[in-house]
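What the coordinates show
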Amino acid sequence: MLRRRSISWPITLGTIMIVLLVALIVGWVLLAVNASQYASYWWAVLALGLTFLVLVLVGVVLYLAMSVKEIALNQRQSNFIDSVTHEFKSPISSLKLYLQTLSRRNVPESQQADFYRYMLEDVERLDSLINHLLDAARLDQQPDAAELQDVPLLEVFRGAVESAVHRYGVPVESVQIDAAPSMVHARAMDVEIVFRNLIDNAVKYSMPSPEVKIESWLNGRGTVITRVSDNGPGIPINARRKIFGRFVRLGNELERKQTGTGLGLFIVRTLVRRMRGRVQVRSPLTRGGTVMEVELPGGPPLAGAATPS
């Protein structure tokens, strides 16, 4: 997840730039000292020097772009560490407070029930965070052929919906499923992670009154298209590609109302690409909300296969 970047490319680029710059300086010095001797080759030497100069300038631009990209990544990593630290510290502090209160005071039974419920919510929050980090850590693990199977999407949607409505305490009617029976050939865990993240985000960012709809259909080209739409604040047009980056979270980390690590959509994009699919934002321009579209290779259930009711 926090994989170290290779430094061989920046070192190689820097070395090439230094060699070109030294060659350029030496060439111009020799040309200046022996101007009469190289008069017949003046235009050839000039063209070669200008070529070296252009290559040095291109190298400087590339190096600058790499530096800016690295600075942005370091900033996102810093935000990620701040976010994860807060995500761990907050429920742990809450659990500690409730346990200390229960052990040191005579708490009425009715209040004890509330304390146990709050502690269970904190434990579920920690469990969700740990699962999220584990999902990111597994991205480097390529699936074996033996792990690939025909995964029924409808069952995946129902499991993800059940988990999301339970986590956020909203009615199950808040999420509607309109999906044709379909299968994708992939690792079941990867498919579950993709749609668990998308559906969880749709519910979370539409609180307190989410209206989420999951639509899925076969497009006739050997793929299955799934759209997860919500009634949340939506995603700005200029951020619709950026949100799939690692550690990216929109807004100010210190003013954020929703929990998260900035890894969810990065995980989704990585797994979808691994399954030879694509994911994109198709948010409507005339109203709020977000529409996430996933296209995966797949087809109808095999003849004789059990179809979930």
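Before any of the text, the structure's been laid out above.
Residues numbered from 1 in each chain as written. Predicted model: local features only at pLDDT ≥ 70, side-chain atom pairs only at ≥ 80, totals over all residues. Heavy atoms only, no water.

Before going further, it helps to spend a moment on the overall build of the chain. What the chain contains, in helices and strands, is six helices and seven strands. Starting at the N terminus and ending at the C terminus, the chain contains elements arranged as α-α-α-β-α-β-β-α-β-β-α-β-β. Sorting the 309 residues of the chain into buried and exposed places 37% on the buried side. For the chain, the proportion of contacts with a sequence separation of at least 24, taken over those separated by at least 6, is 72%. When the accessible area of the chain is evaluated, it comes to approximately 18,800 Å², of which 59% is carbon and sulfur surface. (Helix = DSSP H or I, 4+ residues; strand = E, 2+ residues; numbered from the N terminus. Buried < 20%, exposed > 50% of the residue type's maximum accessible area, 1.4 Å probe, protein only. Contact = heavy atoms within 4.5 Å. Areas by Shrake-Rupley, 256 points an atom, 1.4 Å probe, with all protein chains shown as cover.)

A few words now on the packing of aromatic side chains. Under the criterion given, the structure shown has three aromatic pairs. Pairing Phe 157 with Phe 195 gives two aromatic rings, centres 5.1 Å apart and planes at 80 degrees, and the pair type is edge-to-face. Separated by 38 residues along the polypeptide, Phe 157 in helix α4 (residues 153–168) and Phe 195 in helix α5 (residues 188–204) bring together distant segments of the chain. Classification of Phe 195 as buried rests on a relative accessible area of 1%. (Phe/Tyr/Trp six-rings, centres within 6.5 Å; stacked < 30°, edge-to-face > 60°.)

Attention now goes to the pattern of salt bridges. The tally for this structure, following the rule as stated, stands at 10 salt bridges. One salt bridge in this structure joins Glu 215 and Lys 213, with 4.0 Å as the shortest N-O distance. Residue Lys 213 is classed as partly exposed on the basis of its relative accessible area of 32%. Here Glu 293 ties to Arg 278 by a salt bridge, and the two come within 3.6 Å at their closest N and O atoms. (Salt bridge = Lys/Arg side-chain N within 4 Å of Asp/Glu carboxyl O.)

This part takes up the nonpolar core. Residues Val 191, Val 194, Phe 195, Leu 198 and Ile 199 are the most contacted members of the largest nonpolar core, which totals 47 residues. Per-element tally for this core: the top contributor is α5, with nine residues. Other than its neighbours up to four places away in sequence, Leu 198 contacts Val 228, Leu 265, Val 268, Met 292 and Val 294. Core analysis: the next-biggest nonpolar cluster, separate from the first, contains six residues, Leu 95, Val 107, Phe 115 and Leu 126 among them. (Core = buried A, V, L, I, M, F, W, Y, C linked by side-chain atoms within 4.5 Å.)

In terms of burial, strand β5 (residues 223–229) is a largely internal element, six of the seven residues being buried. Where strand β4 (residues 212–218) lies against β5, six bridges are found, and the strand directions are antiparallel. Bridge pairing in β5 links Ser 216 to Thr 226. Between the antiparallel neighbours β4 and β5 lie four residues, among them Gly 220 with a positive phi of about 80 degrees. In this structure, β5 lies alongside strand β7 (residues 291–299), joined through seven bridges in antiparallel fashion. The residue bridging Val 224 from the neighbouring strand is Leu 296, located in β7. (Pairing = 2+ DSSP bridges.)

Taken N-terminus to C-terminus, the directions of α4 and α5 make an angle of 40 degrees; their axes are 9 Å apart at the nearest point. Between α4 and α5, the crossing angle belongs to the class labelled oblique. As for how α4 packs across α5, the hand of that crossing is right-handed. Together, Leu 153, Val 156, Phe 157, Ala 160, Val 161, Ala 164, Arg 167 and Tyr 168 of α4 and Val 191, Glu 192, Phe 195, Arg 196, Ile 199, Asp 200, Val 203 and Lys 204 of α5 make up the contact between the two elements. Taken together, the residues that form the contact of α4 with α5 break down as 11 nonpolar, no polar and five charged. (Axes fitted to C-alpha atoms, helices over the stretch in contact; angles between N-to-C directions. Parallel < 35°, antiparallel > 145°, perpendicular 65-115°, else oblique. Left-handed = near helix turned anticlockwise from the far one by under 90°. Nonpolar A, V, L, I, M, F, W, Y, C, P; charged D, E, K, R; others polar.)

Moving on: the pairing of strand β3 (residues 183–187). With four of five residues buried, β3 is to be regarded as a mostly interior element. Note: strand β1 (residues 148–152) against β3, five bridges, orientation antiparallel. Across the sheet, the residue bridging to Gln 149 is Ala 186, located in β3. Note that β3 and β7 share two bridges and pair antiparallel. Bridge pairing in β7 places Met 183 opposite Gly 299.

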